[in-house]
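Listed below are the residues making up each chain.
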Amino acid sequence: RPGQQQPPGSSSSSKGPAAPGVTSQQPQPPQPGGGGAAVPTSTGAAGDARSAASSQQHKASSSTHRDHATIVVDPLTHLPRAAAKGSGTPGGRSRRSRTTTTADLSSSIHPAVAALGVKYAAGTVDGSNERCVAMLAAFRDAVRDYRCPADAVPARDLDKRYLKPLIQYLVDCRPHSVSMGAAIRHLRGVVSRLGPDKSEHEARAAFFDAVEAFVRERIVLPGRVIGDLGADKIRDGDVVAVFGNSTSLDAVRAVLRAKALRGLPTTTTTPPQKSAASPRQQQHRCRFRVVVVDARPQLRGVALLHELHALGVPTTYVHLRAVDYALRECDAVLLGAEAVFSNGAALADAGSAALAATATKRNIPVLVCCETYKFHNKVHLDSLSSNELGDPDDLVEEPRWGSSSSASGGADGARGAGPPPPPHASDDDARAPTVLHLRFDLTPCKHITAIITEHGLVPPTSSAVLIREMELNSVAAPDRDS
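Because the structure is a prediction, the values reported are computed rather than measured.

## A closer look at the nonpolar core
Of all hydrophobic cores here, the largest spans 38 residues; its most connected members are M135, F139 and F207. At the level of secondary structure, the elements contributing two or more residues to this core comprise α2 (111–122), α3 (128–144), α4 (154–173), α5 (178–192) and α6 (200–233). Here the element with the most residues in this core is α4; it accounts for nine residues. Every residue in contact with F207, bar those within four places of it in the chain, is listed here: F139, R140, V143, L163, L187 and V191. If you look at the next biggest cluster of nonpolar residues, it comprises 30 residues, including V340, V366, V458 and L466.

Printed below as a string of structure tokens:
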């Protein structure tokens, strides 16, 4: 009680009340005949305080563990995902873009651009050059129908009110590539430099001239120059490996075509492209061989295989899983690229990095064919910072897994029906695996020997210098025109 003195030997403290849940106990009276003083039991106040503190610490740690367990951070949430098959709606959306539905196809979106956006989302139009050329063609059709309001400046109205929604719609359908971004910046720069005194007809004509000049000077002519430069690096008797499962093979095709046509006889009457020689006769004239490395799920290398056969080039077709064996006889590796960054890394279709790393291990030079308008001043260190997620069903094809002919090697199905398809992550079973389909990967600078551009062969470490020179030239170009 207050004011009462605590007896000596008591376990309670005078500094304050005991901790919650701690019961102070009085010492036990001596046993008869014991003759000794009272001994406190092991369940005293100090032991109870330690046990209570440890219990509270365990509860706090367990609650913290539960909180951390419920927070799952997915490192792929920022990547745009492919549209579901048969949905009919654009699905490749970026993190910053709004959700695009059929209700967004208002009258402000030109029909040519709307149709192109659906093709982007479905993957019908793929590849950096193909997507860029198709976008420029759609913009040309849209600007042909452009009408400026009476109270607006044609140059500003064409850029801000008319072109900007069209660009945003295409980005909502699928994030634009580096090549498309370069074309968009070029066109908007041309339109923004038009004076306010320019009429609607003059603004439209300047836009058409800019589109034609960009396609001719940045895509068509550089492809021809890259073809000639790459053909000079292929010697007679060389075996060249090409990654065929790529959407950026325009420059690589130009190199192989230029080298193949050099072995054909040239006359003034019959050009090499219209030679009447059969593919078997042309194979004796071609003095180099190509190994086409392909990979699932698209298997785009089959189309390249047919093109090389039509040119009479001796070709070997292998899959990526057998690339280590196929590279034993190769002398060089040719790769296409979606983009080249300032640190010398190249972004290309998934599988290119594996082929380049295997070639580097065997001391085989790796040449990347890329136009300079695909160079970007960003720095990428991995494949997850900027990528796209493909349709998981492309990797897991149920008809192939369950068909008897594919499993047994024949139509009779004598060896069984094959293994069942793997479960999808969308199933009710939480243990179902997640199917990850990355469209691109990043080839580091250390696995690239040189980059073939229209300005010549550039080491990957000089990519930043080339990008800076191109930026200076683009800034000085309007001054020269004025």
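That shown, we press on.
## Observations regarding the pattern of salt bridges
In this structure the tally under the stated criterion is 19 salt bridges. Among the ionic pairs, D157 bridges to R161, the shortest N-O distance being 2.6 Å. Taken together, the residues D157 and R161, both in helix α4 and four residues apart, mark about one turn of the helix. The class for D157 is buried, based on a relative accessible area of 8%. Put simply, R235 and D238 hold a salt bridge, and the shortest N to O gap is 3.4 Å. Via salt bridges that share partners, D126, R174, R300, D349, E388 and R439 belong to a single interconnected network.

## What to know about the packing of α3 against α5
Contact geometry of α3 with α5 gives a least axis separation of 8 Å together with a crossing angle of 30°. Judged by the inter-axis angle, α3 sits roughly parallel to α5. Crossing geometry of α3 relative to α5 is assigned as right-handed. Between α3, through S128, R131, C132, M135, L136 and F139, and α5, the contact on the second element is made entirely by S179, M180, A183, I184 and L187. Its residues placed into classes, the contact of α3 with α5 shows eight nonpolar, two polar and one charged.

Basis of the calculations
- Residues numbered from 1 in each chain as written.
- Predicted model: local features only at pLDDT ≥ 70, side-chain atom pairs only at ≥ 80, totals over all residues.
- Heavy atoms only, no water.
- Core = buried A, V, L, I, M, F, W, Y, C linked by side-chain atoms within 4.5 Å.
- Buried < 20%, exposed > 50% of the residue type's maximum accessible area, 1.4 Å probe, protein only.
- Helix = DSSP H or I, 4+ residues; strand = E, 2+ residues; numbered from the N terminus.
- Contact = heavy atoms within 4.5 Å.
- Salt bridge = Lys/Arg side-chain N within 4 Å of Asp/Glu carboxyl O.
- Axes fitted to C-alpha atoms, helices over the stretch in contact; angles between N-to-C directions.
- Parallel < 35°, antiparallel > 145°, perpendicular 65-115°, else oblique.
- Left-handed = near helix turned anticlockwise from the far one by under 90°.
- Nonpolar A, V, L, I, M, F, W, Y, C, P; charged D, E, K, R; others polar.

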